[in-house]
Structure formats: structure tokens, C-alpha cells
Amino acid sequence: MTLKGKHIVLGITGSIAAYKAASLARLFIKEGAEVQIVMTPSGKEFITPVTLSALTGRPVVSEFFTANDGTWHSHVDLGMWADLMVIAPATAATIGKMANGIADNMLITTYLSMKASVMVAPAMDLDMFAHPSTTRNIEILRSYGNIIIEPAAGELASHLIGKGRMEEPEKILEAAKSFFEKGGSLSKKKVLITAGPTYEKIDPVRFIGNYSSGKMGFALAEECAARGAEVYLVAGPVSLKVNHPNIHRIDVESAEQMYQAATDIFPQMDAAILCAAVADYRPKEQVEQKIKRNDDEMTLSLVPNKDIAAVLGQMKTAQRLVGFALETNDEVANALKKMERKNLDFIVLNSLNDAGAGFRHDTNKIAILSKDGTKEDYPLKSKADVAKDIIDRIFA
Ligand code: C5P
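Note that the coordinates shown come from a computational prediction; the quantities given were computed from them, not determined experimentally.

S.K.: Would you take a moment to explain the site of the ligand for this structure?
M.R.: In the region of the ligand, the neighbouring residues are Leu-274, Ala-276, Val-278, Asp-280, Lys-306, Asp-307, Ile-308, Ala-309, Gly-323, Phe-324, Lys-338 and Lys-342. A distance of 3.5 Å separates a nitrogen atom of the ligand from a polar side-chain atom of Asp-307. One of the backbone N or O atoms of Ile-308 is found 2.9 Å from a nitrogen atom in the ligand. Look at the ligand: alone it shows 440 Å² of surface, and the protein chains cover 87% of it. Mapped onto the shell around the ligand, the elements with two or more residues apiece are helix H12 (308–315) and strand S16 (320–327). Classifying every residue of the shell around the ligand gives six nonpolar, one polar and five charged.

The following block contains the structure:
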């Protein structure tokens, strides 16, 4: 029973494919999951709540209130109860409402309150599926981190042939199983990620910074969130955006601000991935007025910043702590020393010697060293794929 103990909210909307949702609920239950059905009003035109509640052993939720006794159905509670939400079938109308937050029924409010990952299995006629508005709305859902189970091609309810048939329940079950096998393990986990450079102020217009773009840290944040984690992303000054609703972004500028944010949050976390290129030193004094040029030599006194990784290493209780290392010489030996000194569980080594790896690139080439003495080397990949490798490894 691969879904044993998992809580699945199954959303059903008004499509002829709704009848297949009964088989899907049955398959989830056979694998050990608990299933709560949430239906749109038009979903009930296609399949009765009685059939579904008999299969799941739980009353179907469809209205905001139960008319006879005024009981309120809490979409917020459902959002916290679920380990996964699956919307199958998802009509063009529901997909459009999800993309735009039009919360006029219980399924959409549940979706908007959902803490767990969401899978969407569209079902509609081929022209509706191919319409630019559907394509755009599905892209918007992807950008929210929702997992789209592409519809299959075949004969449709209209007897036309094309792409738009909801994927078969067995295939949706497979997708849910692989979600839990791979990343579902991050469901409800809290992960701190630091990303980007820090700026250390010299005067009101100048700073000491570095070339870090934040791309690797942001890719890690998106990947963790896509796998169901609640991500706290402490970001230095970068020009990147996040989309996923489960990424809470805290913008900081200096190493000291990053230290404050990271140490505040860390005790509540299950893991921390420290990807930021934190400045090791800051100017001893920050001058209030812009420093004027003159012909004398100028000396800037620097004092060391706190080492966030090392402090978290001391604070660590059960958290998994992951650092990065960028070395120019004796890479492995230096990375190992760093892992030990900072009490890390893993260190991700990226080399400046490899073309396309490191600062500002969209690609990266890494090795992951663990405190158990293993070393795994990976080929050059996009930072999004590198993020997958890192998450697979550290949460294996
Ligand atoms: O010592 P070094 O800067 O090379 O260590 C790199 C690792 O330590 C990275 O994970 C980086 O985010 C973290 N670090 C930190 N605070 C610092 C310096 C580095 O968290 N002040």
C-alpha cells in the first residue's frame, strides 16, 4: 500500500469524465489513502455525491454550509489536512478560476487554501483545450507549482478525436505515487534557503558585493515548494521573482540582516540549505555622507561578518543542514573541512574551474559530499535540474 496514511483531497468538476473520478477515489483508497471529495456544483450533475461518499466513507463537501444545520465546511482545515490535492477532472472553467483566484465555490476556496501540492488533470473538448486562454491558464497553474497531468488524445464526448480526454485513473494514481515516492516526502516540511549575494554598505551609495545571482538558491526554493515544502527564502539583493505560493520570501541586504532572519526562522525548520554568497567582511564603519574623492590613498577597514552556516550548525537539533562551497584550489579537502567546521550534513561543491558552472550562469556542475564520507559527482546541468539532484540526495 504505497499511499498508506496519505490524505488526498480529490476535487471533481463538471465534466463527463467525472464518472472516472469514482474509480480514481477507489484506487487511492486501495493503496491506503484517505480521500476527501470536494465537488463543484456542476460536478454533481455528472456523478452523485452518494456514490462518492459511499466509496470514500466520508461525506462529500460541495457547499460552504450544510443548509439544514448551518455547519460551516472549512476549506482552511482541508488545506491543512491534505498531503496532496488532485483535481480530476478539471474543466476549462475550473482551471480559469484557479488561475485567477475566482473563489465562487468550495473547490476553488479549498484550492486557494491548499498547503499541499496540487495535481490537475484537465478534461475538455479538443478546441477548448487548444484555445489560447486554456493554454495560458494552464501555464499560470504551472507557474504556481501545480503539477499538470496532460490529457490524452482520443475520442472525446463530442465524438471528435483529439487531445482533451482526462488521463486514465491508473495513470493519475501512478503520478500520485511517484509524487509521494520522490518529493511528497517534503510535504509539510519547512525548509530555509538563503540565496544571492549580500551588500555591505560603505557609504550611502557604495557597497561591497559579489557576483552571485541567486539563481541556484531560487531554483532550490522552487523545487522544494513543488515537492510540497513550505519554503522560507531569505534572499540578498537579486532581481529574481518567485511564483510558488508556498515560498515565503524575506528580502535582506547585508550579512547581518541575513543572519538575523536565518537564525530567527531556523528553530522551526526541518532543513536549511545555505546557498547565499555571504560577504565574509563588512566595512568597520558606515559613513553617513558620500565619501568624497581626493588624491590620497584610501584605506577601508573591514571586520568579519558572522558565519551564518556555522551558527546554525551550533543551533542544530534535528535539522538537516546543507552548505555550498566554491573553491579555487584543493576543492574537496577544503569543502570537507568546511563541512566539519560548520557542522553541516552535506556540502555542495561547485567548481569555478568548470565552464558554465557557478556565478551568474544558468547551468552548474556540482559534487555533493556528505558527512558520512560519500561523494557524488554530477554532470553540467541547468540549475533547475541541479536543484532536483540536490533535493533527491539530501532528502534520500
Ligand atoms: O566559508 P564559506 O563562505 O566558503 O562557506 C560557504 C558556505 O557557508 C555556504 O553555504 C554559505 O552560504 C555559508 N556561509 C554563511 N555565512 C557566512 C559565510 C558563509 O552562511 N558568513
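S.K.: How do you make sense of the nonpolar core when you look at a structure like this?
M.R.: Across soluble globular proteins, you tend to see nonpolar side chains buried next to one another. By size, the foremost hydrophobic cluster in this structure holds 33 residues, and its most contacted members are Ile-193, Leu-220, Cys-224, Val-231, Ile-273 and Ile-390. Only strand S8 (190–195), helix H10 (215–226), strand S11 (230–235), strand S13 (271–274), S16, strand S17 (346–351), strand S19 (366–370) and helix H14 (383–394) provide two or more residues apiece to this core. Ranked by residues supplied to this core, first place goes to H10 with seven residues. Look past the residues within four positions of Cys-224 in its chain and what remains in contact with it is Leu-186, Val-191, Ile-193, Ala-229, Val-231, Ile-273 and Ile-391. Leu-27, Phe-28, Ile-172 and Ala-176 belong to the second largest nonpolar core, which has 32 residues in total.

S.K.: What is the right way to look at the pairing of S8 in this model?
M.R.: Along any regular strand, the residues point their side chains to alternate faces of the sheet. Taking burial as the measure, the six residues of S8 include five buried ones, the bulk of the element. Sheet analysis places S8 next to S11, joined by six bridges and oriented parallel. Of the residues in S11, the one forming a bridge with Leu-192 is Tyr-232. Bridge count between S8 and S13: four bridges; the pairing is parallel. Residue Ile-193 lies in a different strand from S13, and its bridge partner there is Ile-273.

S.K.: Explain the sheet that holds strand S3 (residues 84–90) here, please?
M.R.: Hydrogen bonds between backbone groups are what pair the strands of a sheet, and the pairing can be parallel or antiparallel. Read from one edge to the other, the open sheet built from five strands follows the order S2-S1-S3-S4-S5, with strand pairing classed as parallel. Of all strands in the sheet, those bounded by a partner on one side alone are strand S2 (34–39) and strand S5 (147–148). Two strands pair when backbone bridges link them, and strand S1 (residues 7–12) and S2 are joined in this way by six bridges, in the parallel orientation. Bridging from a neighbouring strand, Gly-11 pairs with Val-38 of S2. Sheet strands in contact with helix H3 (residues 49–56) are S1 and S2, and its direction is about 165 degrees off that of S2.

S.K.: Teacher, can you tell me more about the sheet that holds S13 here?
M.R.: Strand order in this open sheet of eight strands is S12-S11-S8-S13-S16-S17-S19-S20, and the pairing throughout is mixed. The open sheet has two free edges, formed respectively by strand S12 (247–251) and strand S20 (375–377), since each of these has just one partner strand. Neighbour to neighbour, the strand axes of the sheet diverge by 15 degrees on average, direction disregarded. Here S17 pairs with S19 via five bridges, running antiparallel. Counted as the bridge partner of Asn-350 is Ile-366 from S19. Set on the sheet, helix H11 (residues 255–265) makes contact with S8, S11 and S12; between it and S11 the angle comes to about 160 degrees. Here H14 sits on the sheet in contact with S13, S16, S17, S19 and S20, set at roughly 15 degrees to S19.

About the cut-offs
Residues numbered from 1 in each chain as written. Predicted model: local features only at pLDDT ≥ 70, side-chain atom pairs only at ≥ 80, totals over all residues. Heavy atoms only, no water. Near = heavy atom within 4 Å. Polar contact = N/O pair within 3.5 Å; in protein donor to acceptor, adjacent residues only side chain to side chain. Areas by Shrake-Rupley, 256 points an atom, 1.4 Å probe, with all protein chains shown as cover. Helix = DSSP H or I, 4+ residues; strand = E, 2+ residues; numbered from the N terminus. Nonpolar A, V, L, I, M, F, W, Y, C, P; charged D, E, K, R; others polar. Core = buried A, V, L, I, M, F, W, Y, C linked by side-chain atoms within 4.5 Å. Buried < 20%, exposed > 50% of the residue type's maximum accessible area, 1.4 Å probe, protein only. Contact = heavy atoms within 4.5 Å. Pairing = 2+ DSSP bridges. Axes fitted to C-alpha atoms, helices over the stretch in contact; angles between N-to-C directions.

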